[in-house]
Amino acid sequence: MTEINAALRAPAAPINLDKGPVVVAVLAFVLGALAIGEAISPRQALLFLIGGLLGMTLYHASFGFTGGWRRFVVEQRGRAIRAQMLMIAAAAVVFIPLLASGSINGQPLSGAFAPVGVSVLVGAAMFGLGMQLGGGCGSGTLFTVGGGSSRMLVTLIFFIVGAVIGTAHLPWWLAQPSVPQISLGSALGVPGGVIVTLAGLGAVAALTVLIERRAHGSLEQVKPASEHSFARLLQGPWPLFTAGLGLAALNIATLVTAGHPWSVTFGFGLWGAKIAQAVGIPVETWDFWNWPGPAKALGSSVLADVTSVMNFGIILGAAFAAGLAGKFAPKVHVPFASFLAAAIGGVLMGYGARLSFGCNVGALFSGIASGSVHGWLWFASAFVGSLGGVALRPLFGLDGFNKK
């Protein structure tokens, strides 16, 4: 609050924005919200706007999992991971009690729960490897595409391809060994579930502190902004930990509005399935697309799908933020090796996310915040896969481990 007050009192600084993207994004938000509200519901339009706020926050803070994990592995700097743990913790202290209540204001609530088994173990490892080659996680891919990254558009296209393939194979993976979903809030009670979740997140944060101090002698000091102006609020960069708390608040808003937490990757599989149908591939005969939820989504407008409209909002929100920051600068040229890494990474992420019930948002953030044990398995397995991805990056001309 102090920072916001200081920003409002400070003298105005010049704002260098890209007017074209800003105008287009604003028009798209207004027209999109009106169209969604008319065609589907005002609630769906609100979720579209929440997606826009998520996109702005992600872009202005450069808040992604991929770069933070890579920096910890390569440089032993853990500030980004600690911000992620704070974000999940802030959501968990609200999620677990809300989910235990079952509803709020007549809105039924369901958490991001999933079975704990081979499917999650393998899928998360694939995702972790893929995100280092692709250059972004699920949310990271969306906000960088919104910011004008052509390479990340390649990642997104192949992410969609992998997600569709994953829907074809998921029934087989679900037949592999697993145990039913485990809710810490149900198993330990609300206080116990919250305490265990916070303890686990705190242990991860403490481990990053220990490793960083051993490697560097002290924690990284972030240089404070030279001024706190209204321009900075509009153009960024936003503080990482403040952005994490903002993302937690927006995920809570998603849970209360949609009845379930924020997720990303189901929308990719749905988009791909609809494209596949359009070119004559009978995805509607696949087992996955005959399950009640997927069948309803496949047979309805994409605007009726919560994940999809929020994804559209994230892309537009990031484009708006990039325009405000004067950084919307699409680059068409993508070197072949980088293109290949993006394509491989995208397929691995799409396939892995479908097997493991989500990405860093749907499985890790929303899963752990819901008190789901599968979220912890996802975290551990994806991090191991990420180590492999960091090791492979130099083969594609990308930065990886430091060579000494």
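Chemist: Mind showing me how you'd approach helix H12 (residues 265-278) here?
Modeler: Working note: α-helix, 3.6 residues per turn, so residues spaced by three or four point in the same direction. The end-to-end C-alpha separation of H12 is 20 Å, in line with the 20 Å expected for 14 residues at 1.5 Å each. Within H12, ten of the 14 residues are buried, which leaves it mostly tucked inside the rest of the structure.

Chemist: I keep staring at the pattern of salt bridges and nothing clicks. Help me out?
Modeler: Pairs may arise between side chains of opposite charge once their charged atoms sit close together. Summed over the entire model, instances satisfying the criterion amount to seven salt bridges. We note a salt bridge from arginine 77 to glutamate 212, for which the minimum N-O separation is 2.9 Å. Placement of arginine 77 in the loop between helix H4 (65-75) and helix H5 (79-101) and of glutamate 212 in helix H9 (residues 184-216) is noted, with a sequence separation of 135 residues between them. Each of the two residues, arginine 77 as well as glutamate 212, counts as buried.

Chemist: Teacher, can you tell me more about H9 here?
Modeler: Here H9 contains 33 residues, and its C-alpha end-to-end distance of 36 Å is more than 12% below the 48 Å for a straight helix at 1.5 Å per residue. Looking at the residues trailing H9, positive phi occurs at glycine 217, about 90°.

Chemist: Before we go on, may I ask you to explain the confidence of the model for the protein in this structure?
Modeler: Regions with low pLDDT should not have their predicted coordinates read in detail. Of all residues in the protein, 93% have pLDDT values of 70 or greater, and the mean over the chain is 92. Counted against residues more than four places away or in other chains, residues 1-12, with its pLDDT under 50, gives twelve contacts.

Chemist: Is there a simple way to explain the packing of H5 against helix H11 (residues 240-258) in this structure?
Modeler: Packed helix pairs are characterised by how far apart their axes lie and by the angle those axes make with each other. Orientation of H5 relative to H11, taken along the N-to-C sense of each, is 25°, at an axis distance of 8 Å. Taken together, the axes of H5 and H11 lie roughly parallel to each other. Relative to H11, the crossing made by H5 is right-handed. Residues Arg79, Ala80, Arg82, Ala83, Leu86, Met87, Ala90, Ala91, Val94, Phe95, Leu98 and Leu99 of H5 touch H11, and the partners they reach there are Leu240, Phe241, Gly244, Leu245, Leu247, Ala248, Asn251, Ile252, Leu255 and Val256. Across the contact of H5 with H11, the residue classes break down as 18 nonpolar, two polar and two charged.

Chemist: Quick question: what am I supposed to make of the packing of aromatic side chains here?
Modeler: How two aromatic rings sit relative to each other is given by the distance of their centres and the angle of their planes. Throughout the structure, instances matching the rule amount to 18 aromatic pairs. Pairing phenylalanine 158 with phenylalanine 339 gives two aromatic rings, centres 6.3 Å apart and planes at 85°, and the pair type is edge-to-face. Of this pair, phenylalanine 158 sits in helix H8 (residues 150-174) while phenylalanine 339 is found in helix H15 (residues 336-355), placing the two residues 181 residues apart along the sequence. A relative accessible area of 25% means that phenylalanine 158 is categorised as partly exposed. Three or more aromatic residues link up through ring pairs in this structure, and these residues are Phe65, Trp69, Phe72, Trp376, Phe379 and Phe383.

Criteria and thresholds
- Residues numbered from 1 in each chain as written.
- Predicted model: local features only at pLDDT ≥ 70, side-chain atom pairs only at ≥ 80, totals over all residues.
- Heavy atoms only, no water.
- Helix = DSSP H or I, 4+ residues; strand = E, 2+ residues; numbered from the N terminus.
- Expected span 1.5 Å × (residues − 1).
- Buried < 20%, exposed > 50% of the residue type's maximum accessible area, 1.4 Å probe, protein only.
- Salt bridge = Lys/Arg side-chain N within 4 Å of Asp/Glu carboxyl O.
- pLDDT = per-residue confidence, 0-100.
- Contact = heavy atoms within 4.5 Å.
- Axes fitted to C-alpha atoms, helices over the stretch in contact; angles between N-to-C directions.
- Parallel < 35°, antiparallel > 145°, perpendicular 65-115°, else oblique.
- Left-handed = near helix turned anticlockwise from the far one by under 90°.
- Nonpolar A, V, L, I, M, F, W, Y, C, P; charged D, E, K, R; others polar.
- Phe/Tyr/Trp six-rings, centres within 6.5 Å; stacked < 30°, edge-to-face > 60°.

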